[in-house]
Protein chains: 2
Amino acid sequence: MLCGVGDDAAVVRSRPISVTSVDTMLDGVHFRLHEAWSTPTQIGWRALAGALSDLAAMGAQTGEAYLALGLPEGFTERQALELVRGSQELATHTGTTILGGDVVSAPVLMVSFTVVGWAQQQSELVKRSGALSGDLIGVTGRLGGAAAGLALLDGQIESGDCEAAALQRVHAPAPRLAEGRALALAGSHAMIDLSDGLATDAGHLGRASGVLLEVDLDALPLERGLQAAAARLGRPAWELAAGGGEDYELCFCAAAKDRERIEQALREAGGVGVSWVGSVVEGEPGVTLLLRGEAQQLEGFEHRW
Amino acid sequence: MLCGVGDDAAVVRSRPISVTSVDTMLDGVHFRLHEAWSTPTQIGWRALAGALSDLAAMGAQTGEAYLALGLPEGFTERQALELVRGSQELATHTGTTILGGDVVSAPVLMVSFTVVGWAQQQSELVKRSGALSGDLIGVTGRLGGAAAGLALLDGQIESGDCEAAALQRVHAPAPRLAEGRALALAGSHAMIDLSDGLATDAGHLGRASGVLLEVDLDALPLERGLQAAAARLGRPAWELAAGGGEDYELCFCAAAKDRERIEQALREAGGVGVSWVGSVVEGEPGVTLLLRGEAQQLEGFEHRW
C-alpha cells in the first residue's frame with residue numbers, strides 16, 4: 001500500500017494482472033443479525049470470506065479489500081468495530097490488506113466487500129469456461145456443512161455431532177485461496193467456488209464451458225455429521241451437499257492425466273482434500289446429478305437465511 | 001478488460017499504480033427514489049459520479065467500475081436497467097468500463113460503486129496532505145448548486161433562474177477527472193473533491209497537511225442563480241456555497257508561482273474555470289472561513305436529502 005485510509009482513494013503498487021470481485025451481504029437476506037444468528041464479528045469474517053472465495057476460484061493471489069458498510073440505527077460503534085475486527089482476522093489470516101471503503105447510514109446492516117487479487121500473467125488464472133469433455137470433476141473439502149448449520153440455527157435440527165463443523169461453515173468459512181492457486185498452477189481447466197451450491201455452480205461452469213458436467217452424488221464428500229443431520233431433516237444427505245450453498249469450497253475440472261499432480265498440489269497447499277465427483281461429457285451444457293446412474297432433481301430445496 | 005461479467009471475478013491488465021475508491025448511496029439517505037426526487041437513471045449516474053470524483057481528486061486516470069446493487073421489492077427490472085443505463089452513460093462519457101459487480105435483495109435501493117483508476121507512477125498523484133504554507137487555494141467550477149437543487153426539490157424555493165444549473169448538479173454532477181489530472185500534472189500540492197462541502201472538505205485537507213486554510217467567502221464562485229436562491233432561503237449565498245455538499249468540484253492548493261500554469265492547464269483540460277479563494281498559512285490545522293476578514297461559523301447548516 002502506498003496510501004490508504006484517510007485520502008480520497010487508496011493507492012497501491014500493481015502487479016501485471018488485477019482480479020476484482022464484489023460481494024454484498026445484508027441483514028435478513030444473507031445473515032440474521034436481528035435474530036442474533038450471527039455476531040458482528042462472524043458477519044465481518046463471512047462477508048470478506050464470500051468475496052475472497054471469488055479470487056480463490058480464479059486462482060488469484062489475494063491483495064486488497066475495500067469495505068462499504070451500511071450501519072442501521074442502534075448498531076453501536078462497538079458492534080461496528082467488532083465487525084471490522086472479524087474481517088481483519090480473516091484478512092490477516094489470508095494476507096489481505098483492508099484499505100478502507102465507505103461507511104453510510106442504512107436501514108439494515110449492509111456489508112459489501114470489493115476484493116482485488118493479482119497475478120503475474122493471465123495464464124496463471126482459471127476461468128469457468130475451460131472445461132473439456134473427458135475432464136474429471138473435483139471438489140475441495142467437504143460439502144453440506146453450511147446447509148446443516150443453517151438448519152441448526154433455524155431449529156430444524158438439534159445439536160449433534162455435526163454442530164461444530166456446520167457452525168464453522170456458517171460463521172467462519174475459509175476461502176480456499178491457497179487451494180485455488182495450487183489448482184490453477186497444477187493445470188485445472190475451469191473452476192468456480194461453491195457459493196450457490198454444487199448443483200447450481202456446476203451448472204454455471206458447464207454452461208460457460210459448453211459441456212455437460214455429470215456429478216455422481218454418491219461420491220460427494222459429506223461434511224462430518226451430515227448423514228445424521230440429513231436424516232433428522234428427512235432428506236438424503238446429497239440434497240444438502242449439492243443443494244446447499246455457502247460452503248465456499250472449489251469445484252474444478254481437470255484432465256484425467258493430471259489427477260495425481262492435482263492431488264499432490266493440494267496436499268502441498270495445506271491439507272484440504274480433493275474428491276473426484278464426476279466427469280465432463282459432450283451434451284446439453286450444464287449439469288446432471290446422478291445417483292447410481294439415475295438423474296436426480298433438486299426441486300424444492302431452498303438454501304436461505 | 002481481459003475477462004469480465006460472468007466469471008467469478010473481473011480480470012484487467014494493470015498499469016503500475018492502482019487507485020481505488022468506494023462510494024455507497026442509499027434511498028432515503030443519499031437520494032429519494034421513494035419520493036420521486038430522482039429517476040433511476042439519475043441515481044445511476046450520480047452514484048458513479050460520486051465514486052469517480054474521488055479518482056479525480058487524486059489526479060488518477062479512470063479505469064474500471066464495479067457495481068454492488070441492492071434492489072428492494074417493487075423495484076422493477078426495467079428500473080434496474082434504467083439505473084445501469086444512467087451509470088453507463090457517465091461511464092462512456094468519462095472512459096470508464098463498468099465490469100460487473102453484485103446484485104442482491106435489499107430493503108431499500110442501494111447503489112455502491114467501487115472505482116479503480118490508474119497512474120504510471122505515484123508522483124502523478126496528489127494527496128490531501130501536501131499543502132504548504134504560502135500556497136494559494138483554488139476551486140474548480142462553481143459552488144452551491146447542489147444545495148440550491150436540494151432546496152428546490154424540497155420545495156423550499158421555487159423554480160427560478162437557478163433551476164437548470166442546480167438540478168444538473170443534483171442529478172447529473174460531472175466528476176472533474178480531466179481537471180484533476182491537469183491539476184496533478186501542473187504541480188498542485190494537495191487536492192480533495194467537494195463532496196461534503198468546502199467548509200468540511202477544506203478542513204480535511206488542512207488537517208491532513210498540518211496547515212490552516214484561510215478561505216475568503218467573498219471569492220467563492222457561486223453557481224448561476226445562487227444569489228436569488230439564497231435570498232429566498234433567507235441565507236447568505238456563501239452558506240450554500242461553502243456549506244452545501246455534492247457539488248463535486250475540486251479544491252486544491254498550489255504554489256503562488258504556479259498560478260498561471262495551473263490556469264493554463266485547466267483551460268486545456270476543457271474549460272471549467274478556476275477561482276482562487278484563499279491562502280494557506282501556518283496555524284491550527286484546519287480551515288477558517290473569512291468574510292471581509294472576519295471569521296464565520298457555519299452552524300446550523302445541514303446539507304441532506
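Residues numbered from 1 in each chain as written. Chains lettered and ligands numbered in written order. Predicted model: local features only at pLDDT ≥ 70, side-chain atom pairs only at ≥ 80, totals over all residues. Heavy atoms only, no water.

Caption draft 1: Layout of the interface of chain B and chain A. Between chain B and chain A, the residue contacts involve 47 residues of the former and 47 residues of the latter. For the pair chain B and chain A, the summed buried surface comes to about 3700 Å²; carbon and sulfur atoms form 57% of the total. Of all residues in chain B, the largest losses of buried area upon contact with chain A belong to B:D8, B:T20 and B:V22, amounting jointly to 16% of the total for that side. Seen at the junction of chain B and chain A, the total is two salt bridges. (Contact = heavy atoms within 4.5 Å. Buried area = accessible area lost by both parts, 1.4 Å probe. Salt bridge = Lys/Arg side-chain N within 4 Å of Asp/Glu carboxyl O.)

Caption draft 2: Representation of the side chain of B:H30 in the model. Relative to the helices and strands, B:H30 is located in the loop between β2 (17-26) and α1 (40-58). For B:H30, a relative accessible area of 16% translates into the label buried. Excluding its chain neighbours within four sequence positions, the residues that come into contact with B:H30 are A:V104, B:T24, B:M25, B:R46 and B:W305. (Helix = DSSP H or I, 4+ residues; strand = E, 2+ residues; numbered from the N terminus. Buried < 20%, exposed > 50% of the residue type's maximum accessible area, 1.4 Å probe, protein only.)

Caption draft 3: Highlighting the layout of surface pockets. All names here are of chain A. Considered as a void within the structure, the second largest pocket measures approximately 970 Å³ in volume. Tallying contributions element by element places strand β4 (residues 97-105) first for the lining of the second largest pocket, with seven residues. The residue inventory of the lining of the second largest pocket, partitioned by class, reads 17 nonpolar, 13 polar and 11 charged. (1 Å grid on protein atoms, 1.4 Å probe; cavity = no way out; pocket = protein on both sides within 12 Å on 5 of 7 lines; lining within 4 Å. Points joined across faces, edges and corners; volume = space filled by probe spheres on them. Nonpolar A, V, L, I, M, F, W, Y, C, P; charged D, E, K, R; others polar.)

Caption draft 4: Seen up close, the confidence of the model for chain A. For chain A, per-residue confidence averages 94 on the pLDDT scale, and 97% of positions sit at 70 or higher. Predicted as a complex, the structure gets a pTM of 0.93 and an ipTM equal to 0.91. (pLDDT = per-residue confidence, 0-100.)

Caption draft 5: Spotlight on the relation of the copies chain B and chain A. The two copies are related by a screw motion: chain B maps onto chain A through a turn of 180 degrees and a shift of 0.0 Å along the axis, at an RMSD of 0.0 Å. Overall, the copies show the geometry of a two-fold rotation axis. When you check the interface residues of chain B against chain A, 100% turn up at the interface there too, and the contact is symmetric in its surfaces. (Least-squares fit on C-alpha atoms with pLDDT ≥ 70 in both.)

Caption draft 6: Focus on the sheet that holds strand β8 (residues 212-216) of chain A. All names here are of chain A. Pairing in this open sheet of seven strands is mixed, and the strands run β7-β9-β6-β10-β8-β11-β12 from one edge to the other. Strands at the two margins of the open sheet, each flanked by one partner only, are β7 (190-193) and β12 (294-296). Between one strand axis and the next, the sheet turns by 30 degrees as a mean value, whatever way the strands run. Note that strand β6 (residues 136-140) and strand β10 (residues 274-281) share five bridges and pair antiparallel. Following the sheet pairing, G138 is matched in β10 by W276. (Pairing = 2+ DSSP bridges. Axes fitted to C-alpha atoms, helices over the stretch in contact; angles between N-to-C directions.)

Caption draft 7: Structural context of the packing of helix α5 (residues 177-185) of chain B against helix α9 (residues 259-269) of chain B. All names here are of chain B. For the pair α5 and α9, the least separation of the axes is 9 Å and the interaxial angle reads 150 degrees. Between α5 and α9, the angle is such that the two are roughly antiparallel. The handedness of the crossing between α5 and α9 comes out as right-handed. Two secondary-structure elements touch here, α5 through A178, E179, A182, L183 and L185 and α9 through R261, I262, A265, L266 and A269. Its residues placed into classes, the contact of α5 with α9 shows eight nonpolar, no polar and two charged. (Parallel < 35°, antiparallel > 145°, perpendicular 65-115°, else oblique. Left-handed = near helix turned anticlockwise from the far one by under 90°.)

Caption draft 8: Representation of empty space enclosed by the protein within the structure. Throughout the structure, instances matching the rule amount to three cavities of 30 Å³ or more. Counted as a void, the largest cavity has a volume near 60 Å³. A:S18, A:T20, A:E64, A:Y66, A:V116, A:W118, B:S18, B:T20, B:E64, B:Y66, B:V116 and B:W118 together form the lining of the largest cavity. Of all the secondary-structure elements, those providing two or more residues to the lining of the largest cavity are β2 (17-26), β3 (61-71) and β5 (110-119) of chain A together with β2, β3 (61-71) and β5 (110-119) of chain B. Of the residues belonging to the lining of the largest cavity, the class tally is six nonpolar, four polar and two charged. Of the voids in this model, the second largest cavity is the one considered here, and its volume is about 40 Å³.

Caption draft 9: Representation of helix α3 (residues 145-153) of chain B. All names here are of chain B. For α3, the buried fraction is high: eight of the nine residues fall into the buried class. Those residues of α3 lying buried are G145, A146, A147, A148, G149, L150, A151 and L152. Structurally, α3 contributes buried residues whose contacts are with α4 (163-171), α7 (226-233) and α8 (237-243). Note on α3: the residue one or two positions beyond its end, G155, has a positive phi of about 80 degrees.

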